[in-house]
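A closer look at the structure
Next come the chains, spelled out residue by residue.
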Amino acid sequence: MNTVHLQPDIQVQKGKTISRLEFLSLLKTYNCFHEDKKNFQLSYYDINGRIVLEGLLDISWGVHQPIRLQINDEKSRSQTKGAQSPDPMMNKRGMTRWGEFDNLCNIAVLEEEAGSETDEQEAARQPVFETSTLKPQRNREPESGILIRTRSDVSLVKMRVKNQAVAAAQKAKRQRFSINGHFYNYKTSIFTPTKGSVTSVRINSTLTTKEVIALLLQKFKVENDPNDFALYVVHASEEKKKLKDTSFPLWERLLHGPSRNIVKIYLMDKDAEEISIDVAQYIKFELPILNAILHKLNEEEEKYIENALLRYRMEKRSLVQQLRRRMMVRAETSV
């Protein structure tokens, strides 16, 4: 990490660089802010003279269009393929290949052995009934002088409940990442995430805005096109700026500071409107105050238009007088 002291200015985005001291100061402030959350701290390393940041980036949901979750997981598909193991006796077309066995005469013997094993297994699986009431036969215990304590109905119910809880826990563990508690469900696979809910994705500073969006959607198995979304930097003053496709979101997070109370990075629709700082300063005002400001702006606009028209009329009058004088002089000289 000491190699950063030997490098020139660090490029944080196209056409913008920061000094080495400024970078170290920003990084120290960022990591000190997350002193209690070590996993949110940023680290850096050197790749061929280029400083690369790495860490978690917080992204807030702010999309208006519904998102679609994938129906099948790649993991579940691979498990399904693995579960369907082919029969070693058959090929893809259901026939034994020539040369599969050393002695072709043994094929019938092998098939008979396999069939007998199958019959034995089926016979073992068939239940044996001890009375005409079709009650399954219980395993006979050896006779002894010691009475063995049997399980009560209550203990059996407890075991059943415990097994159901374990099965539910295993099923929940197999589920994929949730979007703020929203797990995949076939009926709710199309939904709109709650605005302002926060998620995180681990990235490095070499990933551009488009790559970060694609990585985020891939993490939650979202089928929507990444080109339909964009990242926006939203300030506490309601100023909203769209990040370029070639920007580096992790550098933007470092430059704006670690606090989400001051600056947040939102995933929004790509056609979301930007808000300049001049407009953002009026957003939090009450409606009567905004109407009063608008009325005053209209008065100033009308006054500016009247002054511009007055100057235009004066200039026009002056030009007309000059033209008339020159025409009169030419007429006198011609006579």
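Please read these numbers as outputs of a predicted model, since none were measured by experiment.

The rules behind the values
- Residues numbered from 1 in each chain as written.
- Predicted model: local features only at pLDDT ≥ 70, side-chain atom pairs only at ≥ 80, totals over all residues.
- Heavy atoms only, no water.
- Buried < 20%, exposed > 50% of the residue type's maximum accessible area, 1.4 Å probe, protein only.
- Helix = DSSP H or I, 4+ residues; strand = E, 2+ residues; numbered from the N terminus.
- Arc of directions from axis to C-beta.
- Contact = heavy atoms within 4.5 Å.
- pLDDT = per-residue confidence, 0-100.
- Pairing = 2+ DSSP bridges.
- Core = buried A, V, L, I, M, F, W, Y, C linked by side-chain atoms within 4.5 Å.
- Salt bridge = Lys/Arg side-chain N within 4 Å of Asp/Glu carboxyl O.

With that out of the way, let us pick up helix H5 (residues 209-219). Burial in H5 covers these residues: Thr-209, Val-212, Ile-213, Leu-216 and Leu-217. All buried residues of H5 lie within an arc of 130 degrees about the axis, which places them on one face of the element. Where H5 is buried, its residues meet strand S4 (50-61), strand S7 (198-204), strand S8 (229-235), helix H6 (249-256) and strand S10 (263-269). One or two positions beyond H5, positive phi appears at Lys-221, with a value near 55 degrees.

On to the confidence of the model for the chain, then. On average, residues of the chain score 75 in pLDDT, and 62% of them are at 70 or above. Segment residues 83-109: pLDDT under 50, and ten contacts once partners within four positions in sequence are set aside and those in other chains are kept.

The next subject is the pairing of strand S3 (residues 43-47). Residues in a regular strand point their side chains to alternate faces of the sheet. As judged from the five bridges shared by S3 and S4, these two strands associate in the antiparallel manner. Each bridged residue has a counterpart across the sheet, and for Ile-47 the counterpart in S4 is Arg-50. In sequence, S3 turns back onto S4 through a hairpin of two residues, with Asn-48 there showing a positive phi of about 55 degrees.

In this structure, Phe-23, Leu-53, Ile-59, Leu-231, Trp-251 and Leu-267 are the most contacted members of the largest nonpolar core, which totals 36 residues. Taken together, the elements giving at least two residues each to this core come down to strand S1 (10-13), helix H1 (20-33), S4, S7, H5, S8, H6 and S10. In terms of residue count, the dominant contributor to this core is S4 (five residues). Counting residues in each nonpolar core, the second largest holds five residues, with Ala-230, Tyr-232, Val-234 and Met-268 among its members.

What follows concerns the pattern of salt bridges. Scanning the entire structure with this criterion turns up two salt bridges. Among the salt bridges present, the one from Lys-38 reaches Glu-35, with a minimum N-O distance of 3.0 Å. Look at Lys-38 and you get exposed, because its relative accessible area is 52%. Judged by relative accessible area, which is 42%, Glu-35 ranks as partly exposed.

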